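# Close look at the chain arrangement
Each chain, letter by letter, is given below.
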Amino acid sequence: MYGVSLRFKTPLYAAMIGGGVAGFFMGIFQVCRFAQVAPSIFALPSFIGPDGPRNMIFAAIGCVIAFVISFIAAYLMGIDEDR
């Protein structure tokens with residue numbers, strides 16, 4: 001984070017945009033986690049609850065949305081490598 005996001009602000013802004021869009025999606029579908037684990041892609045099984053894997057599927061879709069939107073935002077904003 002400190003070597004890229006603070007030196008080049010664009011990746012930080014892109015990650016914030018992607019996380020916001022994915023968080024909005026997951027909030028609409030009321031995705032919740034049923035175990036306390038460290039946040040990562042490997043934490044997806046912690047979203048399996050009493051209603052089965054429905055919650056985990058929406059969490060996985062939220063992860064994909066975050067990755068894709070962050071990539072698109074970073075690509076469109078570009079990176080000023082002269083800094």
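Residues numbered from 1 in each chain as written. Predicted model: local features only at pLDDT ≥ 70, side-chain atom pairs only at ≥ 80, totals over all residues. Heavy atoms only, no water.

## Here's the deal with the packing of aromatic side chains
One pass over the full model with this rule turns up four aromatic pairs. Each ring, one from phenylalanine 29 and one from phenylalanine 58, has its centre 4.4 Å from the other, and the planes form 20°; the classification is stacked. Separated by 29 residues along the polypeptide, phenylalanine 29 in the loop between helix 1 (9–28) and helix 2 (54–77) and phenylalanine 58 in helix 2 bring together distant segments of the chain. Using a relative accessible area of 31% as the deciding quantity, one classes phenylalanine 29 as partly exposed. The buried category is assigned to phenylalanine 58, whose relative accessible area is 17%. Residues phenylalanine 71 and tyrosine 75 carry aromatic rings whose centres are separated by 6.2 Å and whose planes lie at 15° to one another, so their mutual orientation is stacked. With phenylalanine 71 and tyrosine 75 both in helix 2, this residue pair falls four residues apart, about one helical turn. Each member of the pair, phenylalanine 71 as well as tyrosine 75, carries the same accessibility label: exposed. Through successive ring pairs, a cluster of aromatic residues spans Phe25, Phe29 and Phe58. (Phe/Tyr/Trp six-rings, centres within 6.5 Å; stacked < 30°, edge-to-face > 60°. Helix = DSSP H or I, 4+ residues; strand = E, 2+ residues; numbered from the N terminus. Buried < 20%, exposed > 50% of the residue type's maximum accessible area, 1.4 Å probe, protein only.)

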